Amino acid sequence: MRKPALLLLAFLCTIAPGLATAAGYPADPLKSPMWDMHAKRLFGGAPVVFDKALKMEMPVLAEDQHVFPVAVDATALKDVRRIVIFADLNPIPVALDYTPVRAAAYVATRIKLDQRTPVRAAVLTADGTWHVAGNWVDAAGGGCSAPPRGRVKGDWAEHLGEMRGEAWQEGGHVRLRFTVRHPMDTGLVENVPAYNLDAMTVRDAAGTVLGRMVLYGALSEDPAFTLAVDPSRPGPISISLHDTNGREFEGNLPDGGGSK
């Protein structure tokens, strides 16, 4: 008769290597100490896969930990419902949660980094699976705990909510690129309470929603966004934003009929 330990070993050998941790999530290829906690909080009991089809563009070294560029391209996946960008070791891990409605599964932005950390994208598809990609990024630290430059300069209130941007045809979509003036205070600076943009909606001229986004204090001061929306929509594009003090901001981008 086979011993119980040998039976257990035989069972474990039938499981694909690295398929799951004790918590039921795939073993983290980046070996982050926070992976299981974030996976449980973000994904619940949903299936999770590390997917090479999910592309992230970002430096491996943060030259400025207050303004770190991240681009997520999930266009190779089918029926994308959400795109989440997060940094494992940030005190505010999640930067944004984007729902592309009539838009490509693509988003680029700038985030803060408080220390060396994995930076990841998690993409939910219609079948209920989360697809994850990411990499370690070296950062000097302090991106979330230093005062925004606008507060140091003292002119942030005069330009609060101002938007600048453009739209153009590219690759079968209308590409949108815009910035919004806002301090995006994390609440981690002494005597400066948390104050950030928390919601954004993108619409066409007919009022049809093209995309929605939940925003967090981990986004950089004066955050920047690049999106790609359905080219069949009537222009111009409108951007609506809301912040944690209840203020609302509106802006329009031009029609975007030209190419770039």
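To keep things clear, this report deals only with the structure shown in the data block. (Residues numbered from 1 in each chain as written. Predicted model: local features only at pLDDT ≥ 70, side-chain atom pairs only at ≥ 80, totals over all residues. Heavy atoms only, no water.)

1. Focus: the packing of aromatic side chains
Let me state the cut-off plainly: Between 30 and 60 degrees the pair is tilted, below 30 it is stacked and above 60 it is edge-to-face, where a pair is any two Phe, Tyr or Trp rings, Trp via its six-membered ring, whose centres lie within 6.5 Å. Numbering of helices and strands starts at the N terminus; helices are DSSP runs of H or I of at least 4 residues and strands are runs of E of at least 2. When accessible area is computed with a 1.4 Å probe and restricted to protein chains, residues below 20% of their type maximum are described as buried, those above 50% as exposed, and intermediate ones as partly exposed. Whether a charge sits over a ring comes down to the Lys NZ or Arg CZ being within 6 Å of the ring centre and within 35 degrees of the ring normal.
Going through the model one piece at a time under the given rule, you end up with four aromatic pairs. Relative to W130, the ring of F43 lies with its centre 5.1 Å away and its plane at 45 degrees, an arrangement referred to as tilted. In this pair, F43 sits in helix α2 (residues 35–43) while W130 sits in strand β8 (residues 130–137), placing the two residues 87 residues apart along the sequence. A single burial state applies to F43 and to W130, both of which are buried. A centroid spacing of 5.5 Å and a plane angle of 35 degrees characterise the contact between F178 and F225, whose relative ring orientation is tilted. Here F178, found in strand β10 (residues 173–180), pairs with F225, found in strand β13 (residues 224–229); they are 47 residues apart in sequence, far enough to count as distant. Classification of F178 by relative accessible area gives buried; the value is 2%. Using a relative accessible area of 1% as the deciding quantity, one classes F225 as buried. Residue placement shows R175 over the ring face of Y106; its charged tip is 4.8 Å from the ring centre.

2. A look at α2
Selection rule: The arc in question is formed by the directions pointing from the helix axis toward the C-beta atoms. The contact criterion used throughout is that any non-hydrogen atoms of two residues lie within 4.5 Å.
Within α2, the full set of buried residues consists of W35, H38, A39 and F43. Viewed end-on, α2 has its buried residues packed into an arc of 100 degrees, placing them on one side of the element. Buried residues belonging to α2 abut β1 (48–50), β4 (80–87), β7 (117–125) and β8. Just downstream of α2 lies G44, where phi reads positive at about 60 degrees.

3. Side note on the pattern of salt bridges
Selection rule: For this analysis, a salt bridge means a side-chain nitrogen from Lys or Arg found within 4 Å of a carboxyl oxygen belonging to Asp or Glu.
For the structure shown, the criterion picks out seven salt bridges. A salt bridge links D97 to R82, with the shortest nitrogen-to-oxygen separation between them at 2.6 Å. Here R82 lies in strand β4 and D97 lies in strand β5 (residues 94–100), a separation of 15 residues in the sequence. Since its relative accessible area comes to 14%, D97 is described here as buried. Accessibility expressed as a relative area gives 28% for R82, which makes it partly exposed. Linked through salt bridges whose partners overlap, the residues forming this network are D28, D88 and R120.

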